[in-house]
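Results of the structural survey
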Amino acid sequence: MLDLWISTKGNKIIISGLGHLIKEIPGVLQRGLSRSAEDIYHKAFDFLSGPGAKGEYSSGRWKKRKSPVPAGGYPVPVRTGHLRTLLDWLEPGETKIGFGGSFTAGSMEAIVYDSAEYAMDIHEGKRSSKKYGPRRYITDAFEAFNQGGKFEKTLEDEIQKEIRKHGLS
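Residues numbered from 1 in each chain as written. Predicted model: local features only at pLDDT ≥ 70, side-chain atom pairs only at ≥ 80, totals over all residues. Heavy atoms only, no water.

Side note on the overall build of the protein chain
Secondary structure assignment for the protein chain yields five helices and eight strands. Put simply, the protein chain runs from its N terminus to its C terminus through helices and strands in the order β-β-α-β-β-α-β-β-β-β-α-α-α. When each of the 169 residues of the protein chain is scored for burial, the buried share is 31%. In the protein chain, the proportion of contacts linking residues at least 24 apart, taken out of those at least 6 apart, comes to 55%. A total accessible area of about 10,900 Å² is found for the protein chain, and carbon and sulfur atoms account for 54% of it. (Helix = DSSP H or I, 4+ residues; strand = E, 2+ residues; numbered from the N terminus. Buried < 20%, exposed > 50% of the residue type's maximum accessible area, 1.4 Å probe, protein only. Contact = heavy atoms within 4.5 Å. Areas by Shrake-Rupley, 256 points an atom, 1.4 Å probe, with all protein chains shown as cover.)

Some points on the packing of aromatic side chains
A full pass over the atoms with the stated rule returns three aromatic pairs. A ring pair is formed by phenylalanine 103 and tyrosine 113, whose centres lie 3.9 Å apart and whose planes are at 15°; its orientation type is stacked. On the criterion of sequence distance, the pair formed by phenylalanine 103 in strand 7 (residues 101-104) and tyrosine 113 in strand 8 (residues 111-114) is long-range, its members being 10 residues apart. Residue class for tyrosine 113 comes out buried when judged on its relative accessible area of 7%. (Phe/Tyr/Trp six-rings, centres within 6.5 Å; stacked < 30°, edge-to-face > 60°.)

Some thoughts on helix 4 (residues 137-145)
Among the residues making up helix 4, those that are buried are Tyr137, Ala141 and Phe145. Projected onto a plane normal to the axis of helix 4, the buried residues spread over an arc of 70° and lie on a single side. (Arc of directions from axis to C-beta.)

Remarks on unusual backbone geometry
With an omega of 5°, the peptide bond between tyrosine 74 and proline 75 qualifies as cis. Residue placement: proline 75 occurs in the loop between strand 4 (61-64) and helix 2 (82-85). A positive phi angle, near 45°, is found at arginine 127, a position not held by glycine. Here arginine 127 lies in the loop between helix 3 (119-124) and helix 4. Using a relative accessible area of 68% as the deciding quantity, one classes arginine 127 as exposed.

Quick word on the environment of threonine 85
Mapped onto the elements of the fold, threonine 85 is located in helix 2. Taking the C-alpha atoms as reference, threonine 85 lies 8.5 Å from alanine 116; in sequence the two are 31 residues apart. Only 2.8 Å separates the side chain of threonine 85 from the backbone oxygen of glycine 81, close enough to count as a polar contact. (Polar contact = N/O pair within 3.5 Å; in protein donor to acceptor, adjacent residues only side chain to side chain.)

Overview of the side chain of histidine 123
Note on placement: histidine 123 falls in helix 3. According to the relative accessible area criterion, histidine 123 is buried, its value standing at 9%.

Some remarks on the pattern of salt bridges
A pair can form between side chains of opposite charge whenever their charged atoms are brought close. Scanning all chains against the criterion turns up 11 salt bridges. Note that glutamate 124 is salt-bridged to arginine 136, the shortest N-O span being 3.2 Å. Taken together, the positions of glutamate 124 in helix 3 and arginine 136 in the loop between helix 3 and helix 4 put the pair 12 residues apart, joining distant regions of the chain. A relative accessible area of 25% places glutamate 124 in the partly exposed class. Arginine 136 gets classed as partly exposed once you look at its relative accessible area, which sits at 35%. For lysine 165, the salt bridge identified is with glutamate 162, shortest N-O distance 3.6 Å. Of the two residues, lysine 165 and glutamate 162 both sit in helix 5 (residues 150-165), three residues apart, roughly one turn of that helix. (Salt bridge = Lys/Arg side-chain N within 4 Å of Asp/Glu carboxyl O.)

Structure, rendered in structure tokens:
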């Protein structure tokens, strides 16, 4: 239970004692950021899960069949799965090292990234992907996630959980 204090001084009412809740806010915000980043990651994964090359194992070796979707499709067709494998996300304060370098999220940041060497080329439609144009799977994932203000709602949900935990609702 919160140690809520209410006092009056002349024509003022002073409400205090929310210090414990204020101390919890950084953790609350970090949980909201983590939940949001994880949801965005899953949506980006879906944008990297277009129909791709089919194959079969026969006579002791893998035989690749032609893809039903031409190169440059969107959602991005799965060819090797490498782009999806190297898609990842960081919780606040976390660091990971991937093929594309080191990734570090600040204490009040969450990051969704793809460490495949060619991820930016596909995302921005550059170099070998220039003829297909941008396929902004991470940007599109955030926009799909945030429809209807879901980012703010996720943070508000975490704040409400903390308020209920301390008996203020």
